[in-house]
Amino acid sequence: MTVRRRGPRPVLRRLRLRFLPVPSQAAGLAVLVGVLAAALGSVPLMIGSATEGAWQRERARHAESEIGATFFSSSTPGDAEPAAARVPNAAGLDDAVLAAATEIGLPEPVSLVRLRDPLFVTTPSGPARIRYVSRTGAERNVDVVAGEPGVLAPTRLVELTGIGPGGTLLGEAGSGAVAELAVTGIYTDIAAPVPRYWAGLDNLFIPPPDPGNNEPEYPTVALLASQEDVLDLAVAVDQDVELEWYLPLPPGVGVDEARVRVEQVERLQADLVVPRSAAVRITNLFEFERPAPRSVLPQALERVDETVALLAPPVRAVGLGAGAAALVLVGAWAGQRARRREDELLSLLARGLPPHRAGGQAVREALLPALTGLAVGGVTGWVLVRAFGPAPALPDGTVPAVLVVVGLAGLAALLTVGAVTTALVARADSLGRRPDALFTRIPWLAVTTAVTVVTAVPVLTGEADGGGIDLLQLVLPLLVTAVVAGAVTALLPRLIGRAPLHRLPPATFLALSRVLTGRAASRLVIITTALALGLIAYSGALADSTERTIAAKQSVGTGSDVVVPLLRQTTETGPQPPGTTVVGVGTRAELSPGERPTDVLVVRPDELAAITRWTPAFADRSFEELMAALADHEGSAVPVVLAGAADDDVGDELVLRFGRVYAIQLEVVGRADAFPGQPTRAPMVVADWDRFTAAIEPTGREVDTVLDRQLWSRGDADPVLAALTTEGFAYDLDQVRTSGDFAARPEFGAQSWSFGYLRAIALAAGLLGLTGVAMHALAQQRRRTVAALLLTRMGLTRRASDTAAGLEIGLLTVVAALVAVAVALPASVLVLRLLDPVPALRPDALFAVPWGSIVTVLGGVVLGTVGGAVLVGRSARRATGGQVMRDAT
């Protein structure tokens, strides 16, 4: 007697048959849903990554003392009472600020108090300037080499006066009052660059230059004391004090914490002006300035928001477009599933199965593959964005948003499967009706051509505005690709059909015949594959062209890596730092004929070549040839290179006027579309320094009255500024510009990251397109099984059959690739001008051939063809003759 055991295996088998009847089909759905989840989920991921990336870039651009918040106040001179009566209240104001900060959750600020004016002490080498200062934790942030904390003097003061621990100095204030300064310890001098704790307080240790006078520089030293000592000394010499409260931004904080810090600082500022508060009482009664914050953090976050605002629309459009394409493929999968199981569905329909029940069954069977695809796609998108996105960190709200988007993507996929299956089952018993009859009657090529023309007209006529990303104009190259691919597929049968195909080898004849007989399928495959591969070439062109344009505009916008505006000086300076050049800049000139406003750049040609970054697209001559033309000119007029004016617009003999006072004769010895240091799109003349100076001197004017001087240098800014300070140059620190600052503009970052994201989506689309070609070939092979068996019986060898399959796939992919590369790249030039991130600055957007993308397309074609041919060959060899004939009957 046989006992039938019921165990877990039958239950699991029934569950598997109920939810996963055909694993091979389920795998395809899981892949498509994974692509859908990755495409849609990557949108909030990319926006979040760009937010953090823009924040990290902004923080790196600013010093810690600038990105943190510093509140300033001081006791100000008043009519009612002397400083000695007001200064003791500084301790109460300090306590009020510290208490207000801690009450709202801020860390206790670093408090600083110092005398408003320095004291002077006599040394054997002359007077020295003393800054008497107190700062929270100062004694822990210096290296005390002798004595003990109390009043700490630097080793520089020991060298000047010979003082040691226990010694006393006599410091004289500007009022004439003299105070005794008792020193208890000695600390090692603070040198540039100052440590992080002393950031922003360089003037305590490094004497700033005094431009505009002939007074000698006084050595500057800082005596570090307690707050009580500083206030007592201020009372003794009847001098006002300055107060600072510094709130450093902790290292490693994200953009969310930075926004919280801005809100806390604003709240602290509001609390410090609340009526009847301790801080307001002191500031009102004792003539103290109300504590006011200074920080670049709000402006940095505004630049972050601007970058995200520019980046979000194209990223959303690309992600939604990719998601829509993946959803269409999910619908195509559902249709293919229904067709492959047509006999089963018709049988169930005959037994009374309602169409909506068939749709529900399809949704049930798609549930597990969809969940698997959602999990894999979501994780894949998260990993890829963290690995290759602008920043690995993400804001707090990103992950919940991704989960919502991925969940909606899964719901949309299941609804699509159910809707497509229900529609196909409902039409299955309608004899003579073609489900796709409506779509075949629509002239898709004509409609697409009309849309392409309407989109291209404003681009070709110049009516479209530049400087932004218009989504419809952004897809113009893809529309052109679709139109050309449609036209090629329409003409291809006519061209090949006239050829004597019967003379070709069997494999070639069979491949061409299959392409010609399957017009609709072949046409669809070529168009979709051309779009997928064209997107790779197009996105690569945009990304590479953007990088080239940014580099060119960076060179033009700053001139060199570091640009330091020099101030006029009456004191002597040391030698110019090596590896730098000084140029003259003028923006108030007029060029005749035409009387057009003109910028002026006066250079030393022999020094400029090693300093600036030249782009060959700026001119049809090399930079060395242009500089040689300036240096070797022998005419009487001043030789210049004219940048930014058309050749037929301006002649070679010009007059440069500075107001109505005097003019200089110029001779154009070279032309360029743009030149490093050109501030606007207005023309600019680049002249030799010696020849320009010689032309100015007869007018009785000095060059410095006409031009502003700038020092250009390659490399980092800090060594250059330190060298200028050492050599006694006076410069405007707030106006120092670097190429890094220029490249960090929100327009550049947003466009560069957007096109990088587009390139990633394009690679996924290309992979799907080539996979679709292979799936099309497999489907065709299943349909041709009987025909393939008959051809084998008629003498067609297996090798010839495999070759025919490979040639068919290769013909489809090669035609698609040729259309993609030949059309998408030239068409991308049409929209490149519209994508100029800073159209107000020369040069115009520069095109770059995306060789990497072209190689990727060609490699994908080869791999897709070989892989598809292998899959088709394996599928053909699995079908046995007897089984095929039984299935056919």
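Anyway, here's the lowdown on the structure attached to this text. (Residues numbered from 1 in each chain as written. Predicted model: local features only at pLDDT ≥ 70, side-chain atom pairs only at ≥ 80, totals over all residues. Heavy atoms only, no water.)

Moving on, we get to the nonpolar core. Among the nonpolar cores identified, the biggest contains 51 residues, and Trp55, Leu297, Leu533, Tyr538 and Leu542 are the most heavily contacted of them. For this core, the leading source of residues is helix α10 (residues 297-340), giving 10 residues. If sequence neighbours within four positions are ignored, Trp55 has contacts with Ile67, Leu249, Val253, Gly254, Val255, Ala258, Leu297, Leu301 and Val304. One finds Ala90, Val113, Val121 and Leu160 within the second-largest nonpolar core, a separate group that totals 50 residues. (Core = buried A, V, L, I, M, F, W, Y, C linked by side-chain atoms within 4.5 Å. Buried < 20%, exposed > 50% of the residue type's maximum accessible area, 1.4 Å probe, protein only. Helix = DSSP H or I, 4+ residues; strand = E, 2+ residues; numbered from the N terminus. Contact = heavy atoms within 4.5 Å.)

Quick look at the environment of Asp95 now. Turning to its location among the elements, Asp95 is positioned in helix α5 (residues 90-103). Look at Asp95 and you get partly exposed, because its relative accessible area is 49%. Sequence spacing of Asp95 and Ser111 is 16 residues, and the spatial spacing of their C-alpha atoms is 9.7 Å.

What follows deals with the packing of α5 against helix α9 (residues 278-285). For the pair α5 and α9, interaxial distance at closest approach is 8 Å and the crossing angle is 150°. Viewed along their axes, α5 and α9 adopt a mutual orientation that is roughly antiparallel. The handedness of the crossing between α5 and α9 comes out as left-handed. Within the contact between the two elements, α5 uses Gly92, Leu93 and Ala96 and α9 uses Ala278, Ala279, Ile282 and Thr283. Taken together, the residues that form the contact of α5 with α9 break down as five nonpolar, two polar and no charged. (Axes fitted to C-alpha atoms, helices over the stretch in contact; angles between N-to-C directions. Parallel < 35°, antiparallel > 145°, perpendicular 65-115°, else oblique. Left-handed = near helix turned anticlockwise from the far one by under 90°. Nonpolar A, V, L, I, M, F, W, Y, C, P; charged D, E, K, R; others polar.)

Across its 18 residues, helix α15 (residues 444-461) extends 26 Å between first and last C-alpha, which sits within 8% of the 26 Å expected from 1.5 Å per residue. The largest bend along α15 measures about 25° and falls at Thr455, with the proline Pro458 one to four residues further on. (Expected span 1.5 Å × (residues − 1). Bend = angle between axes of the 7 residues up to and from the residue.)

Trp689, Phe692, Thr693 and Ile696 are the residues of helix α22 (residues 689-696) that are buried. The buried residues of α22 all sit within an arc of 100° when viewed along its axis, so they share a single face. Capping of α22 at its N-terminal end is provided by Asp688; its side-chain oxygen lies 3.1 Å from the backbone amide nitrogen of Asp690. (Arc of directions from axis to C-beta. Polar contact = N/O pair within 3.5 Å; in protein donor to acceptor, adjacent residues only side chain to side chain.)

One pass over the structure, following the stated rule, counts six aromatic pairs. Chaining the aromatic ring pairs together yields one cluster made of Trp614, Phe618, Phe623 and Phe675. Its guanidinium or amino end placed over the ring of Tyr197, Arg135 lies 4.7 Å from that ring's centre, counting from NZ or CZ. Stacked on the ring of Trp689, the Lys or Arg Arg604 has its end atom at 4.5 Å from the ring centre. (Phe/Tyr/Trp six-rings, centres within 6.5 Å; stacked < 30°, edge-to-face > 60°. Lys NZ or Arg CZ within 6 Å of the ring centre and 35° of its normal.)

So, about a nonpolar patch on the surface. A cluster of nonpolar residues, Val404, Leu408, Leu411 and Leu415, forms a patch on the protein surface that exposes about 400 Å² of accessible area. With respect to the secondary-structure elements, Leu408 resides in helix α13 (residues 398-428). (Patch = residues over 30% accessible without salt bridge, like charges linked within 9 Å, V, L, I, M, F, W, Y side chains within 5 Å. Areas by Shrake-Rupley, 256 points an atom, 1.4 Å probe, with all protein chains shown as cover. Salt bridge = Lys/Arg side-chain N within 4 Å of Asp/Glu carboxyl O.)

A separate point is the pairing of strand β18 (residues 662-672). Buried residues dominate β18, accounting for eight of its 11 residues. Of the strand pairs in this sheet, strand β16 (residues 638-643) and β18 are connected by six bridges, and their pairing is parallel. The residue bridging Val641 from the neighbouring strand is Gly670, located in β18. In this sheet, β18 lies alongside strand β17 (residues 653-658) in antiparallel orientation, the contact comprising six bridges. (Pairing = 2+ DSSP bridges.)

Our focus in this paragraph is the environment of Ile854. With respect to the helices and strands, Ile854 occurs in helix α28 (residues 851-878). In the structure, Ile854 is positioned 320 residues away from Gly534 in sequence and 9.6 Å away in space, judged by C-alpha atoms. Residue contacts for Ile854: discarding those within four places in its chain leaves Leu825 and Val849.

Extensive coverage of strand β11 (residues 241-247) is indicated by the burial of six of its seven residues. Pairing of strand β1 (residues 69-74) with β11 involves six bridges; the strand directions are antiparallel. Paired with Ser74 across the strands is Glu242, a residue of β11. The pairing of strand β2 (residues 110-115) with β11 spans six bridges and is classified as antiparallel. Bridged to Leu115 within β11 is Val241.

Honestly, it's all geometry; don't read function into it.
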